[in-house]
Amino acid sequence: MRDIATFDLSRSLLAWYDRHARDLPWRVSPADRAAGVQPDPYRVWLSEVMLQQTTVAAVRDYFLRFTSRWPDVRALAAAPDDQVMAEWAGLGYYARARNLLKCARAVVDQHDGRFPDSHDALLKLPGIGPYTAAAIAAIAFDRPETVLDGNVERVMARLYDIHHPLPKSKPLLKAKAAALTPDDRPGDYAQAVMDLGATICTPKSPACGICPLRDPCEARAAGTQADLPRKTPKAPKPTRLGHVYIAQRADGAILLERRPETGLLGGMLGFPGSDWAEDAAETPPFPADWTLLPAEVRHTFTHFHLILRVWTAAVPAEVDPVGLVVMPKHAFRPGDLPTVMRKAHDLWRGSSASGKMDRAGLS
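The following paragraphs examine the structure supplied in this document. Positions within a chain are numbered from 1, following the residues in the order the chain's sequence is written. Side-chain atom pairs in this predicted model are given and counted only at pLDDT of 80 or more, local residue features only at pLDDT of at least 70, and totals for whole chains, interfaces and linings cover all residues. Heavy atoms throughout the structure, all of them, feed into the side-chain values; hydrogens and water do not.

1. Focus: the nonpolar core
- By size, the foremost hydrophobic cluster in this structure holds 96 residues, and its most contacted members are Trp45, Met50, Phe66, Leu76, Trp88, Phe115 and Phe271.
- Helix and strand assignments follow DSSP, with helices taken as H or I runs no shorter than four residues and strands as E runs no shorter than two, numbered in order from the N terminus. Examining the composition of this core, we find that nine residues originate from one element, helix H7 (residues 94-111), more than from any other.
- Any pair of residues with heavy atoms lying within 4.5 Å of one another is described as a contacting pair. Apart from the residues within four sequence positions on either side, Trp45 is in contact with Leu76, Leu100, Cys103, Ala104, Phe115, Ile128 and Ile136.
- Residues grouped as a nonpolar core are buried Ala, Val, Leu, Ile, Met, Phe, Trp, Tyr and Cys residues, joined through side-chain atoms within 4.5 Å. Here's how the labels work: a residue is buried when its accessible area is under 20% of the maximum for its type, exposed when over 50%, partly exposed in between, all with a 1.4 Å probe on protein chains only. Formed by ten residues, the second largest nonpolar core is a distinct cluster that contains Tyr245, Leu255, Trp311 and Val315.

Shown next as structure tokens:
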């Protein structure tokens, strides 16, 4: 039997959620859920994948575009890879987009277009890890799974005044979160804890005065809430250098390359270039009169900063190097490029080199 204090705490949080739940395009409201409306597992899954390492504000428009274009998992599974990757551009972490397609196709091929409803079965799908499996099982299927994201970690660390630093404290925080997960309405409860962390128990200046858990909160009683959760200091990100080569033919076509399936920007079209390293060598993809732009592209990935030097060239219409993709002028869409490549494109378009091509009729 659940401890009465734990039951009261969970019940208090659900009561708060019933009044203050965020209105999100992928969510079934508590009122609609109580009326019998069931969440769509596809929309739950899609939102959770998009929200990894990304904010709700950033994801909202992407989610609406995706679900307008591909309203269900069968539609997404049938979508061309390049179209999905183009719609994903700007969300980053492109491996997630590749796994999105793999997962959609696995659900269609192996499960007749229906997401499995258990944590263990969900874990067997491409790109779904323990957190995402727990979130889908809880929110879409009302399974009493423990959902532990950054918001929940923060709430648990403060509620129990846990000073052990992350990431080593994750097992303890998950155990605390699991003890509070109710058998009744676990899906709403999972969303309630996440909403509490996102709107009340925020990283800075938590609004303890209006928190539904302020009375049992041990960190509030100790005055340590602003210091939690503690985190092990991260090592500084290294800086890597790279070269990228933008060539436009006399007929207006742009020369691109498709990156390897594995690694950063895997499988995506972009401008050819060098490796990204501490001291990257210049590696033009073919002989041409390459001009180095005076400015550089700066971009930050998860584990490093990148400084990209941009070289440009105007080449004859018959140039067709082996291994590159000739993208006709009418088919080239800068918005389809990954963000770092779009930055290089924008730098080129704003340069005098691009202006010379325009005046020569090359752009």
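2. Here we look at helix H4 (residues 56-69)
- Taking 1.5 Å per residue, 14 residues should reach 20 Å; H4 reaches 20 Å between its end C-alpha atoms and fits that length.
- All of the buried residues along H4 are Val59, Tyr62, Phe63, Phe66 and Thr67.
- For H4, the elements touching its buried residues are helix H3 (41-51), helix H5 (73-77), helix H6 (81-88) and H7. A helix is expected to span 1.5 Å for every residue after the first.

3. What to know about the side chain of Arg154
- Looking at where Arg154 falls in the secondary structure, it is placed in helix H10 (residues 150-159).
- Asp149 is the oppositely charged side chain nearest to the buried, salt-bridge-free Arg154, at an N-O distance of 7.3 Å.
- N or O atoms closer than or at 3.5 Å make up a polar contact, with two conditions inside protein: a donor-capable atom paired with an acceptor-capable one, and, for residues adjacent in sequence, both atoms drawn from side chains. There is a polar contact of 2.7 Å between the side chain of Arg154 and the backbone oxygen of Cys201.
- Beyond its immediate chain neighbours, meaning those up to four positions away, Arg154 contacts Gly197, Ala198, Cys201, Thr202, Pro203, Leu228 and Pro229. Charged residues are defined narrowly, with Lys and Arg counted positive, Asp and Glu counted negative, and His plus the chain ends left uncounted. Salt bridge, as used here, is a side-chain nitrogen of Lys or Arg placed within 4 Å of a carboxyl oxygen of Asp or Glu.

4. A few points about the pairing of strand E4 (residues 291-300)
- Two strands pair when backbone bridges link them, and E4 and strand E5 (residues 305-315) are joined in this way by seven bridges, in the antiparallel orientation. In the sheet register, Thr291 faces E5, and the bridge partner there is Thr312.
- Following E4, the chain reverses through four residues before pairing antiparallel with E5. A strand pair is defined by DSSP finding two or more bridges across the two strands.

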